[in-house]
Amino acid sequence: MRLEVRDVHSYYGASHILQGVSLTVEPGEVVALLGRNGAGKTTLMRSIVGLVRPRAGSVQIDGVELTGAPTYRAARAGLAFLPSGRRVFSSLSVAENLEVARRSCPRRTGSWNAERIYGLFPKLEQLSRRTAGYLSGGEQQMLKIGRALITNPEMLLLDEPTEGLAPAVVDELGEWVEMLSRESLSILLAEQSATFARAHSTRGYLLEKGRIRFEGSMERIWDSPELRSALGIAARTAPEAGPAAS
Amino acid sequence: MARFLTETIGTLSDAGSLFVVAAGLTLVFGAMRVINLAHGTFYMYGAFVVTTVAGTASGLRFWVAVVVAALVVAVLGAIVQLGVVRFVVGKEPLTQLVATFAVLYILADVALHLWGSGARSVSAPLGVSGTFTLAGAYLPVYDLVIIGTAVLVGLVLWLLLSHTSLGWMIRAAVDDPELLQSGGVNLRRLHLAVFATGALLAALAGAIVTPQISVAPGMDQSIIVSSLLVVVIGGLGSVVGTAFAALIIGIADTVGTLVDPTWASTFMYFAVILVLVVRPWGLFGTPER
């Protein structure tokens, strides 16, 4: 699946959050969306899936216009949005979460079903009857990915997937991203943690105050002191990490 | 003993119909985050439709009238959802209150034109009219019909919410509507189904109590007050909480009436205040995040 975002302007109330953002994700590509807190990464993702309605500009997947369509259309077209934080249906069990996700896109078929997801995350199978609200952060992350995969998507929009995760879980998450990328899923990865994004994507966009400040290879971003400071990474010292586990 | 039995059956019957109305209200609030003040309207329309369809005949036609009333009002609910409520989902609570309050008043005027301002009544169909005796107490058979209906509604709702994927979707909408819709669910359609079901439950309660009350304008406003109390005590969005709260309100009302009828409502509201002081989010609700 190819995603093309062209000159999108989005507002929250009166504040002009996205001021003409354009970006593309080619089929099978893992693209990083970098930027500080408040740069507009989440708003961009929400604009892509229609949770925020852009005032101007267009969002197309495989040449088909998605701008202004109701949010459920994006998922049914194969675009899975994984919002940041512990977003699972907390009163439902793990198995019910997966079933609701599957039924939400009934016409999407493919190799991903509950069995295969339990194969990928054996932990989820053990916990299948557990209420999702009681899962650990890492387990909820697995469930989030499982919920997305069971709809057999062609592209994932991952918003801050490493936020609040223990370093060991971040490593695991990295492996999953690599695995999904090998499955030729396209991924747009919004991250504050540039280290994680750098490790798992080839190309990136740097968003600053609602505009694309730079686009190019991750190496270029990493090597430029100016861009590093824009990202809030101290010049060439220890890489910035997520909240450390104590 | 006889007195105790009479009061108990009466209380259970009152609590039962209150539960059915309030279950609809809490279902709608849970899945849509809308407090629908027009919910009482659906209750009143259910009762009025029964008086029209059942007429004076008191046989099978009464039961047909109950079913017709529930279905007709479910359609009315769908129209209200599409015409008004859909536009206030996700808006300020005050906007929602004003909009649904407006619906209540408009439909009250419509009801005046359709059914007039006088009280109407329906007699209980043969077979469930009259009384039966138990341990020396004379008890209305029809109370058992209401209690049975409430138990049945409770069971069906429980089965729906815990054992069907539609029910899981409704609970998912309670947990995180945005996640549900970005997962591919047409939230508007789900809202329509939930709102029509809520209206159906209110109408069912209104229809089933017709043999025991006089059906008249104003029913809509009095029932919305008590069902809001029930829903708030039970915890907004919780069906189990609604069942318990309906019992509490029923018992408080009965005990209050027995102690001193002139203070009965005060008694009831004290029960409400007491619960809310201890648990502001209701018995089975969850504190706002």
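Keep in mind that this is a model prediction, so the values were computed, not measured.

A.B. asks: So what's going on with the overall build of chain B? Residues and values would help.
C.D. replies: A tally of regular secondary structure across chain B gives eleven helices and two strands. For chain B, the succession of helices and strands along the chain, N to C, is α-α-α-α-β-β-α-α-α-α-α-α-α. Over its C-alpha trace chain B gives a radius of gyration of 19 Å, about what one expects of a compact globule, namely 19 Å for 289 residues. If you line up chain B on its principal axes, its C-alpha atoms span 60 × 45 × 35 Å. The buried share among the 289 residues of chain B stands at 48%. Here the contacts in chain B between residues at least 6 apart in sequence split such that 76% fall between residues at least 24 apart.

A.B. asks: Account for the packing of helix H1 (residues 2-32) of chain B against helix H5 (residues 141-163) of chain B, with residues named and values stated.
C.D. replies: Residue and element names in this part refer to chain B. H5 packs onto H1 with a crossing angle of 40 degrees between their chain directions and a minimal axis gap of 8 Å. One element, H1, and the other, H5, form an angle in the oblique class. The crossing of H1 and H5 is left-handed. Note on element contacts: H5 touches H1 through Asp143, Ile146, Ile147, Thr149, Ala150, Val153, Gly154 and Leu157, opposite Ile9, Gly10, Leu12, Ser13, Gly16, Ser17, Phe19, Val20 and Ala23. Residues of the contact of H1 with H5, tallied by class, amount to ten nonpolar, six polar and one charged.

A.B. asks: Describe the domain arrangement of chain A, with residues and values.
C.D. replies: All names here are of chain A. Examined at the domain level, chain A breaks down into domain 1 (1-78 + 154-239) and domain 2 (86-153). The interface of domain 1 with domain 2 comprises twelve residues on the first partner and eleven residues on the second. When contributions to the side of domain 1 that touches domain 2 are tallied by element, the ones reaching two or more residues are helix H2 (71-76), strand S7 (155-159) and helix H7 (167-182). In terms of residue count, H7 provides more of the side of domain 1 that touches domain 2 than any other element does, three residues in total. Each residue belonging to the side of domain 1 that touches domain 2 can be placed in one class, and the counts come to eight nonpolar, two polar and two charged.

A.B. asks: Account for the sheet that holds strand S3 (residues 30-34) of chain A, naming residues and giving values.
C.D. replies: Residue and element names in this part refer to chain A. Read from one edge to the other, the open sheet built from six strands follows the order S6-S7-S8-S3-S9-S10, with strand pairing classed as mixed. The open sheet has two edge strands with one neighbour each: strand S6 (79-82) and strand S10 (211-217). Each adjacent strand pair in this sheet contributes to an overall mean axis angle of 15 degrees, direction not counted. Bridge count between S3 and strand S9 (residues 203-208): four bridges; the pairing is parallel. By the bridge assignment for S9, Leu33 is matched with Tyr205. H7 contacts S3, S7 and strand S8 (186-191) of the sheet and is inclined by roughly 155 degrees relative to S8.

A.B. asks: Describe the pairing of strand S2 (residues 15-25) of chain A, and please don't skip the residues or the numbers.
C.D. replies: Residues and elements named next belong to chain A. Strand direction decides the pairing type here: strand S1 (residues 3-12) and S2, joined by eight bridges, are antiparallel. Its bridge partner lying in S2, Ser10 is registered against Leu18. As consecutive antiparallel partners, S1 and S2 are separated by two residues, and within that stretch Gly13 has a phi angle of approximately 60 degrees, a positive value.

A.B. asks: Provide a residue-level description of the interface of chain A and chain B, including the pertinent values.
C.D. replies: Facing 22 residues of chain A, the contacting portion of chain B comprises 16 residues. Of the residues forming the side of chain A that touches chain B, the biggest block, six residues, is contributed by helix H3 (residues 94-104) of chain A. Here the side of chain A that touches chain B is built from residues that sort into eleven nonpolar, five polar and six charged.

A.B. asks: Describe the sheet that holds strand S4 (residues 56-61) of chain A, listing the residues and the values that go with them.
C.D. replies: Residues and elements named next belong to chain A. On the basis of which strands lie adjacent, the open sheet formed by four strands has the order S2-S1-S4-S5 and antiparallel pairing. The sheet is open, and its two edges are formed by S2 and strand S5 (64-65), each paired on a single side. Helix H1 (residues 41-49) contacts S1, S2 and S4 of the sheet and is inclined by roughly 70 degrees relative to S2.

A.B. asks: Please set out the nonpolar core residue by residue, giving values where relevant.
C.D. replies: Formed by 164 residues in total, the largest nonpolar core has its most connected members in Leu157 of chain A together with Val73 and Ala203 of chain B. Each of domain 1 (1-78 + 154-239) and domain 2 (86-153) of chain A gives at least three residues to this core. If near-sequence neighbours (up to four positions away) are discounted, Val73 of chain B is found in contact with Phe42, Tyr45, Gly46, Val49, Ala199, Leu200 and Ala203 of chain B.

A.B. asks: Outline the environment of Gly138 of chain A, supporting the account with residue identities and numerical values.
C.D. replies: Residues and elements named next belong to chain A. For Gly138, the position within the fold is in helix H6 (residues 137-149). On the basis of neighbour count, Gly138 is assigned to the partly exposed category, with 16 C-beta atoms found within 10 Å. Those residues within four positions of Gly138 in sequence are excluded, and the remaining contacts are Leu165 and Val169.

A.B. asks: So what's going on with helix H9 (residues 219-234) of chain B? Residues and values would help.
C.D. replies: Helical geometry: 3.6 residues make up each α-helical turn, so side chains three or four residues apart lie on a common side. Taking 1.5 Å as the rise per residue, H9 of chain B with 16 residues should run 22 Å; its terminal C-alpha atoms sit 22 Å apart, in good agreement. The secondary structure elements touched by the buried residues of H9 of chain B are H1, helix H2 (39-54), helix H4 (93-115), helix H10 (239-259) and helix H11 (264-278) of chain B.

Rules used in this analysis
Sequence order as written defines residue numbering, which begins from 1 separately in each chain. Both sets of labels track the order of writing: A upward for chains, 1 upward for ligands. At least 70 in pLDDT is required for a residue's local features to be given in this predicted model, at least 80 for side-chain atom pairs to be given and counted, and no such filter applies to totals for whole chains, interfaces and linings, which use all residues. Helix numbers and strand numbers start at the N terminus; a helix is a DSSP run of H or I with at least 4 residues, a strand a run of E with at least 2. Based on C-alpha atoms, the radius of gyration is set beside the globule rule, defined as 2.2 Å times the residue count to the power 0.38. Burial in this document is a count-based property: other C-beta atoms within 10 Å of a residue's C-beta are tallied, and the residue is buried at 20 or more, exposed at 12 or fewer, or partly exposed in between, with C-beta positions derived from the backbone. Once C-beta atoms are placed from the backbone, any two residues with those atoms within 7 Å are in contact. Fitting a line to C-alpha atoms yields each axis, with helices limited to the stretch in contact; the angle taken between N-to-C directions then spans 0 to 180 degrees. Oblique is the label for any angle not covered by the other classes, which are roughly parallel (under 35 degrees), roughly antiparallel (over 145) and roughly perpendicular (65 to 115). Here is the rule for handedness: rotate from the far helix to the near one, and if that takes an anticlockwise turn smaller than a right angle the crossing is left-handed, while a clockwise turn gives right-handed. Here the nonpolar group is Ala, Val, Leu, Ile, Met, Phe, Trp, Tyr, Cys and Pro; Asp, Glu, Lys and Arg are the charged ones; every other residue, Gly included, is treated as polar. An automatic or database domain assignment is the source of the domain bounds shown. Strands qualify as paired when DSSP identifies two bridges or more between them. We call a set of buried Ala, Val, Leu, Ile, Met, Phe, Trp, Tyr and Cys residues a nonpolar core when their C-beta atoms link them within 7 Å. Helix span is expected to be 1.5 Å times the residue number reduced by one.

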